[in-house]
Amino acid sequence: MRRSGGHSGEVRRALSEREHEFAAIGLIVLGILVGLAVYARLAGPVGEGANTGLGAVLGLGRFALAPILVAMGVSLLRGDEAPSRVRLAAGWGGVVLSLLGILHVVRGPRSYTGIDEIDGAGGWVGAAFGETLTALIGPVGAVLVCIAVAVGSALLLTTLGLKAILLAVRDVSVNAFRGATDASGRMWERAATLDES
């Protein structure tokens, strides 16, 4: 009897030393399974049910769930020190909640309705957050609060400070708009040559 207690202590110690790696494997596999269910519809009847359920709860946010789960798993594997699970959960939870709230404010119905209506917006989660904020401070205020929650939550996910995050967002936005502006300029130039021929 005593001997088996010693082995279980060893097993527990061995597992606890690799706890973050096991969690990472679980998150990555779960992300892949969610991706198979949501994107490819290749996860069988359980995947169909998961896609429907995720659509009801997260709406369009279900399409972001797979990459978020994989990213969380990868972040557990990176570096020498494992990040706090509470920090990861709070950070990603806040970002997802904010995005679902914005989706509801922008695309959702103005009330809590059936699955079909909220499936194309932020789901029940987005409706609960977005509609509550909209009722209290209007749609513009709701979006502003959602953006603030998303930025604050992103601070939990990174070692960057607020200024660095804002500069990175600015750089990405400038590059994206520059590319769009260049592409539209080329399109208009091509369109102008069509009249000449």
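Not measured: the values here are computed from a predicted model.

Can you help me understand the overall build of the protein in this one?
Within the protein one finds 8 helices and 0 strands. Reading the helices (α) and strands (β) of the protein from amino to carboxyl end gives α-α-α-α-α-α-α-α. Across the 197 residues in the protein, those meeting the buried criterion constitute 26%. Of the roughly 12600 Å² of accessible surface on the protein, a fraction of 67% belongs to carbon and sulfur atoms.

Explain helix α2 (residues 19-40) to me, please; I cannot follow it from the model alone.
An α-helix turns once per 3.6 residues; consequently, residues spaced three or four apart project the same way. Between its first and last C-alpha, α2 extends 31 Å over 22 residues, near the 32 Å set by a 1.5 Å rise per residue. The complete set of buried residues in α2 reads A24, L27, G31, V34, G35, A37 and V38. With its buried residues spanning 165 degrees around the axis, α2 presents them on a single face. Considering only its buried residues, α2 is in contact with α3 (44-58) and α4 (62-77). Phi for R41, located one or two positions after α2, is positive at around 55 degrees.

Which parts of the structure should I look at to understand the packing of α2 against α4?
Helix packing for two helices is described by the angle between their axes and how far apart those axes are. At a minimum axis distance of 8 Å, the contact between α2 and α4 shows a crossing angle of 160 degrees. Relative to α4, the element α2 lies roughly antiparallel. Between α2 and α4 the crossing geometry is left-handed. Looking at side-chain class alone, the contact of α2 with α4 contains 20 nonpolar, 4 polar and 2 charged residues.

What counts, and at which threshold
Residues numbered from 1 in each chain as written. Predicted model: local features only at pLDDT ≥ 70, side-chain atom pairs only at ≥ 80, totals over all residues. Heavy atoms only, no water. Helix = DSSP H or I, 4+ residues; strand = E, 2+ residues; numbered from the N terminus. Buried < 20%, exposed > 50% of the residue type's maximum accessible area, 1.4 Å probe, protein only. Areas by Shrake-Rupley, 256 points an atom, 1.4 Å probe, with all protein chains shown as cover. Expected span 1.5 Å × (residues − 1). Arc of directions from axis to C-beta. Contact = heavy atoms within 4.5 Å. Axes fitted to C-alpha atoms, helices over the stretch in contact; angles between N-to-C directions. Parallel < 35°, antiparallel > 145°, perpendicular 65-115°, else oblique. Left-handed = near helix turned anticlockwise from the far one by under 90°. Nonpolar A, V, L, I, M, F, W, Y, C, P; charged D, E, K, R; others polar.

Keep in mind these numbers describe shape, not what the thing actually does.
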